[in-house]
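# Examination of the molecular architecture
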Amino acid sequence: MAQQQLAELRHARTGIELRPGLDGVPATQSAICDIDGEQGLLTYRGYPVSELAANSSFLETAYLLIWGELPTRDQLTAFEQEVQMHRRMSFRVRDMMKCFPATGHPMDALQSSAASLGLFYSRRAIDDPQYIYDAVVRLIAKIPTMVAAFQLIRKGQDPIQPRDDLAYSANFLYMLTEREPDPLAARIFDRCLILHAEHSLNASTFSARVTASTLTDPYAVVASAVGTLAGPLHGGANEDVLTMLEQIGSSENAEAYLDEAMTEKRKIMGFGHREYRVKDPRAVILQSLAEEMFARFGHDHLYDVARGLELAAESRLGAKGIFPNVDFYSGLVYRKLGIPRDLFTPVFAISRVAGWLAHWREQLGANRIFRPSQIYSGSGPRAWTPIHERSPASAA
Ligand code: CMC
């Protein structure tokens, strides 16, 4: 009763109601990305993501997100060259990665490696535009190298060096698979990166902004965001989608799977979104990219399972506004590209670093440290109990 009164007192004092998950609560102002969840529209700096995916490159889109405008030819060339020059990573980072357990998850490896960059470039000169530019370039350049390096290191091999004659996405696929990718595969991968680059104040971006608001270095900002992205309710769902599709096995089993999951109140991975009440526009494009991949490189039977599940879900979940999200079809594209399943979320991070860095810059431009309040629901004031007077029940 006392606890309840305390909670109500605090609630009455601020006049603000607790909204679990901050659902619908604006926590910042941002000019980076806009989502119309009713219409299924997503824009980066005002440009529809569908147009960017069709016409832009990932590095051009990253430039747009971070600096606010599409680059001129000269600006883009300079940015591409800077990124290319910073792709290599220090032998010290490589050697550190060799000490990581091969069985560890690549997202944990990425979080640690990204954080380690702060040891090398930790001036924290966040008032200096050159420092900001250099940090942006380094993070965009080195994160793919780190993801590919861990893949080879955990197989007992040395990482391979980036190739200067290959563009950003082709070079990543080369460092990962040790083979120069087909140009169509590289272009489709680049389009996937564009689609994942930014999505307003999602959990990892919020995490990035909270960390940025303390004025710490950008490597800590990105490392905290990587840790947040790793969870299965966020970026980690793309791995679980493939596992689920394999469990279902064939499109004929989709209805029974859904019925059982709904009876057991299990969530369907790759479905639902806090913002969208229709099919995620990125899922629409990723589905067409998957079809393009299959037309060129051979079909994947899991795509039929996915289509069966989507159709069966329409009548069961559609009325609640639950449709495929970005993670539903992305794994099928990555699988066809030869990317191992536990690298799907690190690949998401390679792309989302552009959005995190855009939010880092924006946060620094009008910073106030994040410090929300809480509604306390714990015990009221209590007298100290000496240890010899405590019973297991009182400890529980
Ligand atoms: N399958 C079945 N029911 C669902 C699902 C789902 N995937 N998602 C939401 N619901 C239901 C949920 O059971 C609840 O129903 P009720 O009101 O009857 O209890 C209602 O919809 C609201 O769900 P919620 O969990 O409160 O919604 P949220 O906005 O907090 O969660 C979400 C959004 C994405 C975490 C959630 O939809 C989910 O867990 N989806 C599965 C995991 C997934 O695919 N995550 C990737 C998200 S998109 C990429 C990214 O952001 O990284």
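All residue numbers refer to position in the chain's written sequence, counted from 1. The predicted nature of this model means local features are confined to residues of pLDDT at least 70 and side-chain atom pairs, given and counted, to a pLDDT of 80 or more, with totals for whole chains, interfaces and linings taken over all residues. Computation of side-chain values: all heavy atoms of the structure, hydrogens and water removed.

## Structural notes on the overall build of the protein chain
As a reminder of what qualifies: Numbering of helices and strands runs from the N terminus; a helix is a DSSP stretch of H or I covering at least four residues, while a strand is a stretch of E covering at least two. For this measure, only C-alpha atoms enter the radius of gyration; the expected value for a globule follows 2.2 Å times N^0.38, where N is the number of residues. Only protein chains enter the accessibility calculation, which uses a 1.4 Å probe; a residue whose area is less than 20% of its type maximum is buried, one above 50% is exposed, and one in between is partly exposed. Contacts were defined at the residue level, with two residues in contact if any of their heavy atoms lie within 4.5 Å.
In terms of helices and strands, the protein chain carries 18 helices and three strands. By the compact-globule yardstick of 21 Å for 396 residues, the protein chain fits well, its C-alpha radius of gyration being 23 Å. When burial is assessed residue by residue, the protein chain has 48% of its 396 residues classed as buried. Contacts in the protein chain between residues far apart in sequence, at least 24 positions, make up 76% of those at least 6 positions apart.

## Quick notes on the side chain of Asp 190
Among the structural elements, Asp 190 can be located in helix α9 (residues 183-196). Overall, the relative accessible area of 10% leaves Asp 190 in the buried class. When near neighbours in sequence (up to four residues on either side) are disregarded, Asp 190 contacts Ser 56, Ser 57, Phe 58 and Ser 169.

## A short note on the environment of Leu 18
For Leu 18, the location among the structural elements is in the loop between α1 (2-14) and β1 (33-36). Along the chain, Leu 18 and Gln 374 lie 356 residues apart, while their C-alpha atoms are 8.0 Å from each other.

## Some details on helix α12 (residues 237-248)
Rules: Take the number of residues in a helix, subtract one, and multiply by 1.5 Å to get its expected span.
Relative to the 16 Å expected for twelve residues at 1.5 Å per residue, α12 spans 16 Å between its end C-alpha atoms, a close match to the ideal helical length. Along α12, the residues that are buried comprise Ala 237, Asn 238, Glu 239, Val 241, Leu 242, Met 244, Leu 245 and Ile 248. Lining the buried residues of α12 we find α13 (254-263), α15 (301-317), α16 (326-336) and α17 (344-365). Directly after α12, the chain includes Gly 249, whose backbone phi takes a positive value near 85°.

## Structural notes on the site of the ligand
Heads up, the rule is: Residue proximity to a molecule or strand is established when one non-hydrogen atom of the residue lies within 4 Å of it. Counting of polar contacts relies on pairs of N or O atoms within 3.5 Å, with two restrictions inside protein: one atom must be capable of donating a hydrogen and the other of accepting it, and residues adjacent in sequence are counted only when both atoms are side-chain atoms. For accessible areas, the Shrake-Rupley method is used with a probe of radius 1.4 Å. Any residue's cover is judged against the shown protein chains and nothing else. Asp, Glu, Lys and Arg are counted as charged, while Ala, Val, Leu, Ile, Met, Phe, Trp, Tyr, Cys and Pro are counted as nonpolar; the rest, among them Gly, fall into the polar class.
Near the ligand there are 18 residues, and of these His 234, Lys 267, Ile 268, Phe 271 and Arg 274 occur at the shortest range. Here Gly 270 contributes a backbone N or O atom positioned 2.8 Å from an oxygen atom of the ligand. Within the contact set of the ligand, an oxygen atom lies 2.8 Å away from a side-chain nitrogen or oxygen of Lys 320. Surface burial for the ligand is 68%, taken as the share of its 930 Å² of free accessible area covered by protein chains. Taken together, the residues of the shell around the ligand sort by class into eight nonpolar, six polar and four charged.

## Some words on the state of the cysteines
Short version of the rule: Note on terminology: pairs of cysteine sulfur atoms within 2.5 Å are recorded as disulfides.
The final tally for this structure, using the stated rule, is zero disulfides. Free cysteine: Cys 192, not disulfide-bonded; nearest cysteine sulfur from Cys 33 at 18 Å. With a relative accessible area of 0%, Cys 192 lands in the buried category.

## Topic: the domain arrangement of the protein chain
Our working definition: Either an automatic procedure or a domain database provided the assignment from which the domain bounds are taken. Summed over both partners, buried area is the accessible surface (1.4 Å probe) that two parts give up on being assembled. We define a salt bridge as a side-chain nitrogen of Lys or Arg found within 4 Å of a carboxyl oxygen belonging to Asp or Glu.
Along its sequence, the protein chain is carved into domain 1 (48-232 + 357-365) and domain 2 (237-336). The gap between the C-alpha centroids of domain 1 and domain 2 is 27 Å. Both sides of the domain 1 and domain 2 interface together cover about 1,500 Å² of buried area, and 67% of this is carbon and sulfur. One can count two salt bridges joining domain 1 with domain 2. In this assembly, domain 1 and domain 2 are joined by four residue pairs in polar contact (both at pLDDT 80 or more).

## Looking at the packing of helix α5 (residues 91-98) against helix α6 (residues 106-120)
Operational definition: Working convention: axes come from line fits to C-alpha atoms, limited for helices to the stretch in contact. Angles between N-to-C directions cover 0 to 180 degrees. What makes a crossing left-handed is the near helix being turned counterclockwise from the far one by less than a right angle; a clockwise turn instead makes it right-handed.
Between α5 and α6, the shortest axis-to-axis distance is 11 Å and the interhelical angle comes to 145°. Considering the relative orientation of α5 and α6, their crossing is right-handed. Judged by residue contacts, Arg 92, Val 93, Met 96 and Met 97 of α5 engage Ser 112, Ser 113, Ser 116 and Phe 120 from α6. Taken together, the residues of the contact of α5 with α6 sort by class into four nonpolar, three polar and one charged.

## So, the nonpolar core
Operational definition: For our purposes a nonpolar core is just a set of buried Ala, Val, Leu, Ile, Met, Phe, Trp, Tyr and Cys residues, chained together by side-chain atoms within 4.5 Å.
The biggest cluster of nonpolar side chains holds 118 residues, and the ones touching the most others in it are Ile 140, Met 244, Leu 245, Leu 309, Ile 339 and Trp 360. At 16 residues, the largest contribution of residues to this core is made by helix α7 (residues 129-154). Among residues more than four places away in sequence, those in contact with Met 244 are Tyr 257, Ile 268, Met 269, Leu 309 and Phe 328.

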